[in-house]
Amino acid sequence: PYFEVTFRPRDFLVFGRETKGLPERVLSENRESCITIPMHGTRSLNLATAVAIVLFEAMRQQRG
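Quick look at the structure, then. Just so we're clear, the structure is a prediction, and the values are computed from it rather than from any experiment.

Among the structural elements, glutamate 57 can be located in helix H2 (residues 47–63). We classify glutamate 57 as buried; its relative accessible area is 9%. In this view, glutamate 57 contacts Tyr2 and Phe7; residues no more than four positions away in its chain are not counted.

Now the structure itself:
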């Protein structure tokens, strides 16, 4: 989950399309670096909301 990751300067975030996510090849080649947003009872998030959630956490950690 995104909230268990320690974000560092120079990290970069890659998000997939709303309709399909990231290509399977990208996921399998980076399996150890993939993070998720747990969604219990939520069907889906739009891309802007997903980016805002993870980016806010990364920025929060950098300021702390």
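Between its terminal C-alpha atoms H2 stretches 24 Å, which fits the 24 Å expected from 17 residues at 1.5 Å a residue. Among all positions in H2, only Ala50, Val54, Glu57 and Ala58 are buried. In an axial view of H2, the angular spread of the buried residues amounts to 95°, which keeps them on one side of the axis. In H2, those exposed residues whose orientation departs by more than 90 degrees from the buried face are Ala48, Phe56 and Arg63. The N-capping residue of H2, defined by a side-chain oxygen 3.3 Å from the backbone nitrogen of alanine 48, is asparagine 46.

Turning our eyes to something else, we now look at the environment of tyrosine 2. The residue tyrosine 2 is located in the segment before helix H1 (24–29) in this model. Of the residues examined, tyrosine 2 reaches a relative accessible area of 19% and is grouped as buried. In this structure tyrosine 2 touches Phe7, Ile35, Thr36, Ile37, Pro38, Ile53, Val54 and Glu57, once residues within four positions along its chain are discounted.

Procedures and definitions
- Residues numbered from 1 in each chain as written.
- Predicted model: local features only at pLDDT ≥ 70, side-chain atom pairs only at ≥ 80, totals over all residues.
- Heavy atoms only, no water.
- Helix = DSSP H or I, 4+ residues; strand = E, 2+ residues; numbered from the N terminus.
- Buried < 20%, exposed > 50% of the residue type's maximum accessible area, 1.4 Å probe, protein only.
- Contact = heavy atoms within 4.5 Å.
- Expected span 1.5 Å × (residues − 1).
- Arc of directions from axis to C-beta.
- Polar contact = N/O pair within 3.5 Å; in protein donor to acceptor, adjacent residues only side chain to side chain.

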